[in-house]
Amino acid sequence: MTAATVTAPLTPARRLGVGAGVRHTLTLAWRSLVQIKHNPMELLDLSIQPVMFVLLFTYVFGTAISGSPGEYLTFALPGIIVQNALFATMTTGFGLNNDLTKGVFDRLRALPIARWAPLAGRILADTVKQAWSVSLLIGVGAILGFRLGNGVLGLLGAFALLLAFSLAAAWISVLVGVLVSEPDKVQIFGFTVIFPLTFTSNVFVPTDRMPGWLQHWVEVNPVTILADALRGLLVGGPVVGPAIQAMIWAVALAAVFAPLAVRALRRRV
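Below, the structure is looked at part by part. Everything numeric here is computed off the predicted structure, so don't read it as measured data.

What follows covers the packing of helix H8 (residues 151-179) against helix H12 (residues 240-268). Between H8 and H12, the shortest axis-to-axis distance is 8 Å and the interhelical angle comes to 30 degrees. It follows from the interaxial angle that H8 and H12 lie roughly parallel. For H8 against H12, the interelement crossing comes out left-handed. Taken together, the residues of the contact of H8 with H12 sort by class into 25 nonpolar, 1 polar and 1 charged.

This next bit is on the pattern of salt bridges. Pairing between side chains of opposite charge can happen when the charged atoms of each approach one another. According to the stated counting rule, one finds 4 salt bridges in the structure shown. A salt bridge links Asp99 to Arg122; the nearest nitrogen and oxygen atoms lie 2.9 Å apart. Of the two residues, Asp99 is situated in helix H5 (residues 90-101) and Arg122 in helix H7 (residues 117-144); the sequence distance between them amounts to 23 residues. Using a relative accessible area of 5% as the deciding quantity, one classes Arg122 as buried. Here Arg231 makes a salt bridge to Asp228, at a shortest N to O gap of 3.2 Å. Of this pair, Arg231 and Asp228 both sit in helix H11 (residues 222-234), 3 residues apart, roughly one helical turn. Salt bridges here are not isolated pairs; linked through shared partners, they connect Arg31, Asp99 and Arg122.

Further remarks concern the packing of aromatic side chains. Evaluated as defined, the whole model comprises 10 aromatic pairs. Geometrically, the ring pair formed by Phe57 and Phe61 is tilted, given 5.2 Å between the ring centres and 45 degrees between the ring planes. Pair noted here: Phe57 and Phe61 are both in helix H3 (residues 48-66), with a separation of 4 residues, about one helical turn. For Phe57, a relative accessible area of 14% puts it in the buried group. For the pair Phe57 and Phe204, a centre-to-centre distance of 4.1 Å together with 20 degrees between the ring planes defines the contact as stacked. Taken together, the residues span a long stretch of sequence, with Phe57 in helix H3 and Phe204 in the loop between helix H9 (183-199) and helix H10 (212-220) at a distance of 147 residues. In this arrangement the basic side chain of Arg231 is found over the ring face of Phe75, its NZ or CZ atom lying 4.0 Å from the centre.

Rules used in this analysis
- Residues numbered from 1 in each chain as written.
- Predicted model: local features only at pLDDT ≥ 70, side-chain atom pairs only at ≥ 80, totals over all residues.
- Heavy atoms only, no water.
- Axes fitted to C-alpha atoms, helices over the stretch in contact; angles between N-to-C directions.
- Helix = DSSP H or I, 4+ residues; strand = E, 2+ residues; numbered from the N terminus.
- Parallel < 35°, antiparallel > 145°, perpendicular 65-115°, else oblique.
- Left-handed = near helix turned anticlockwise from the far one by under 90°.
- Nonpolar A, V, L, I, M, F, W, Y, C, P; charged D, E, K, R; others polar.
- Salt bridge = Lys/Arg side-chain N within 4 Å of Asp/Glu carboxyl O.
- Buried < 20%, exposed > 50% of the residue type's maximum accessible area, 1.4 Å probe, protein only.
- Phe/Tyr/Trp six-rings, centres within 6.5 Å; stacked < 30°, edge-to-face > 60°.
- Lys NZ or Arg CZ within 6 Å of the ring centre and 35° of its normal.

It is worth stressing that arrangement in space is one thing and function is another; only the former is reported here.
And the structure:
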């Protein structure tokens, strides 16, 4: 006698709602943040390096550029915050590539969770790290003598603008993280592109102190525009014009690189 094998019919997977996807995203974001406990160097990169930039540039170049370290700190700190935020977006691509190459991303997508939750969780966690880094720089700046010119509202506006721009710029990092074969190549890309982009802006030196041929580029450089917007919000000065231009750049970056990154990720996984 042979036993009959009964195969249960396959049932279609339950369609997940937005609420469930949000919960999955928050869970995976928490996973990324908890990993800092096991790899503290990840957070140190967002803490020690920017503080070193503030201290070195303020006390080594401050007097030569602005006449005193205090005046230079007022000018440079918003720009250093912008520079640090752009470099920090590379951690999104680095972490994503690390998950892809080690198979973690495939295991996450095999779970009964929203398909977009692993990527969204990664981006959300890196946004929290961004907020930590900005808070640290503001705190160090306050200890050194930096004072807010527009109070709490200006500070909150600077946070909102910077995080919005960082979220848009992070799609570039996501695209690079999907395309390259090793996590270290994401960092190489960051230094190759972001490093010259920030140093040919007015992050560290006022535009009128630069050669005439370079000033034309500095004035249209998106890093300059974002730095000017943060200076207006944190210290004082024009805000509306630079902030609108910065948001236009953010929308353009997201519109171009988000679809490319999502398409490349679908092809890879």
